[in-house]
Amino acid sequence: EEGLDYAQLAAQTELYSGSDLKELCRAALIAPVQDLMRQEALTSTQQDSAQLRALTLTDILNAKSVVGPTGQSANDYLKKATGMTKDDFSRFLNGRGDD
């Protein structure tokens, strides 16, 4: 959509993986559908008056209350389980854990 601020979306979803973003968008798509259903309920006597609106940045940001980034949780678990950060663990796996 032309009006969607992708820079703001990227800034607001920094820790989200591609899969997280996919689930965030799925959750956000519920808002326009709910609005359509409300419109149809209010205009049940009029044919073809309700229309599905475009997804907005607000819809996506509101969906963040339902869908969070999984990567941060994985990083927290890694730190608790091993005492290593993601970078430490990566160096360890690459054989450079002694540096």
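Quick note: structure is the one above.
Residues numbered from 1 in each chain as written. Predicted model: local features only at pLDDT ≥ 70, side-chain atom pairs only at ≥ 80, totals over all residues. Heavy atoms only, no water.

Comments concerning the environment of Leu4
By the secondary structure assignment, Leu4 is in the segment before helix H1 (6-12). Residue classification places Leu4 among the buried residues on the basis of a relative accessible area of 14%. Along the primary structure Leu4 and Leu57 are separated by 53 residues, whereas in three dimensions their C-alpha atoms are 5.9 Å apart. When sequence neighbours within four positions are dropped, the list of residues in contact with Leu4 reads Thr56, Leu57 and Ile60. (Helix = DSSP H or I, 4+ residues; strand = E, 2+ residues; numbered from the N terminus. Buried < 20%, exposed > 50% of the residue type's maximum accessible area, 1.4 Å probe, protein only. Contact = heavy atoms within 4.5 Å.)

What about the pattern of salt bridges?
Evaluation of the coordinates by the stated rule reveals 5 salt bridges. With its nearest N and O atoms 3.8 Å apart, the salt bridge here joins Arg26 to Glu23. Note that Arg26 and Glu23 are positioned in helix H2 (residues 18-28) at a spacing of 3 residues, about one turn of the helix. For Arg26, a relative accessible area of 48% puts it in the partly exposed group. Salt-bridge contacts for Arg38 lead to Asp35; the nearest nitrogen and oxygen are separated by 2.6 Å. In this pair, Arg38 and Asp35 are both assigned in helix H3 (residues 30-42), 3 residues apart and thus about one turn of the helix distant. On the accessibility criterion, Arg38 (48% relative accessible area) is partly exposed. It is possible to trace a salt-bridge network through shared partners that takes in Asp35, Arg38, Arg53 and Asp59. (Salt bridge = Lys/Arg side-chain N within 4 Å of Asp/Glu carboxyl O.)

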